[in-house]
Amino acid sequence: MRLYKLDSAEEFAWVESATDEDSDYFHQIYGDASRRADDWVAPHFILRTTLGRQNLRIPDLHSQVTSDMFLNDRARAVIEPVAREDVEFLPLRLGDEVIWFMHVVRVIDAIDLEHTERDRSWGSIDPRRWAFREEAIPADVAVFRLPPNQRFIDPYIYTEGLVDTILDAGLTGREFQLIWDSDLDTQPFVPPF
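Below or above, wherever it landed, is the structure these notes cover. The model shown is predicted, which means the values in this text are computed figures rather than measured ones.

What the protein chain contains, in helices and strands, is 3 helices and 14 strands. Accessible area for the protein chain stands at about 9,900 Å²; split by element, carbon and sulfur atoms hold 47% of it.

Listed below in structure tokens is the structure:
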């Protein structure tokens, strides 16, 4: 089993909340894995397509400063069949268009804290070498979040099956960093967030 965390690809545009109110509304679901689709009102986001003088490409998987995943319709069509039990797709307004926030609702307490090499940063845990209890992760899971009480900076964990699906479809905008491989004796070093 291989597990990954999400990274940004620098040559792509990113999204951010249009107003402080939109940001506050969106961020209220951090640490909350409950399904929100029934009472969700799509906040407004804007697309940043330039960085200095560089024009950035429009991706399938939009980035933000966080490890959250924002998707266009094409990406949602690829990911939804694989991850439908683990996530819900919440709409965000991007001008006249809609993009989707992939809200991870599956929580799995699979971290092996005793064997995870970690730093503490701003009161949160930022692992350098991850350790998981493989038996705690169901075979059918595509993505999960670590329990909020564990206070990980990057709580979303992507499985090999979902990452392979995304890469095979050629979806652009995000990269994945291997953080744990059950076949390795020494796990990969993960630089600070």
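Before going further, it helps to examine the pattern of salt bridges. Here the idea is simple: oppositely charged side chains can pair when their charged atoms come close. Scanning all chains against the criterion turns up 10 salt bridges. Ionic pairing is found between Glu80 and Arg76, a salt bridge with its closest N-O pair at 3.3 Å. Here the residue Glu80 and the residue Arg76 both occupy positions in helix H2 (residues 73–83), the gap between them amounting to 4 residues, near one helical turn. You can call Glu80 partly exposed: its relative accessible area is 24%. One network of salt bridges, in which partners are shared, links Arg2, Glu160 and Asp181.

The 6 strands lie next to each other as S2-S3-S8-S9-S7-S6, forming an open sheet whose pairing is mixed. The sheet terminates laterally at strand S2 (14–17) and strand S6 (61–62), the two strands that pair on one side only.

Put simply, H2 and helix H3 (residues 160–168) touch, their axes get as near as 10 Å, and they point 160° apart. What the angle tells us is that H2 and H3 run roughly antiparallel. The way H2 lies across H3 gives a crossing that is right-handed. In this structure, H2 contributes Val78, Ile79 and Val82 to the contact, and H3 contributes Leu162, Thr165 and Ile166. Looking at the contact of H2 with H3 residue by residue, the classes come out as 5 nonpolar, 1 polar and no charged.

Turning our attention to the packing of aromatic side chains. Tallied over the entire structure, the rule returns 9 aromatic pairs. Pairing Tyr25 with Trp40 gives two aromatic rings, centres 5.1 Å apart and planes at 40°, and the pair type is tilted. Of this pair, Tyr25 sits in helix H1 (residues 20–27) while Trp40 is found in the loop between H1 and strand S3 (44–48), placing the two residues 15 residues apart along the sequence. Measuring from centroid to centroid gives 4.8 Å for Phe26 and Phe101, while their planes differ by 75°, and the two rings are edge-to-face.

For the rest of this paragraph, the subject is the environment of Val143. The residue Val143 is located in strand S12 (residues 143–145) in this model. On the basis of relative accessibility, which here comes to 0%, the residue Val143 falls in the buried class. Separated by 58 residues in sequence, Val143 and Glu85 place their C-alpha atoms 9.3 Å apart. Excluding residues within four positions of it along the chain, Val143 makes contact with Ala83, Asp86, Val87, Met102, Val104, Arg106, Ile157, Tyr158, Thr159 and Leu162.

Every α-helix carries 3.6 residues per turn, so stepping three or four residues along brings you back to the same face. Buried residues of H3: Leu162, Val163 and Ile166, and no others. Buried residues along H3 cover an arc of 100° about the axis, so they all sit on one side.

Parameters and conventions
- Residues numbered from 1 in each chain as written.
- Predicted model: local features only at pLDDT ≥ 70, side-chain atom pairs only at ≥ 80, totals over all residues.
- Heavy atoms only, no water.
- Helix = DSSP H or I, 4+ residues; strand = E, 2+ residues; numbered from the N terminus.
- Areas by Shrake-Rupley, 256 points an atom, 1.4 Å probe, with all protein chains shown as cover.
- Salt bridge = Lys/Arg side-chain N within 4 Å of Asp/Glu carboxyl O.
- Buried < 20%, exposed > 50% of the residue type's maximum accessible area, 1.4 Å probe, protein only.
- Pairing = 2+ DSSP bridges.
- Axes fitted to C-alpha atoms, helices over the stretch in contact; angles between N-to-C directions.
- Parallel < 35°, antiparallel > 145°, perpendicular 65-115°, else oblique.
- Left-handed = near helix turned anticlockwise from the far one by under 90°.
- Contact = heavy atoms within 4.5 Å.
- Nonpolar A, V, L, I, M, F, W, Y, C, P; charged D, E, K, R; others polar.
- Phe/Tyr/Trp six-rings, centres within 6.5 Å; stacked < 30°, edge-to-face > 60°.
- Arc of directions from axis to C-beta.

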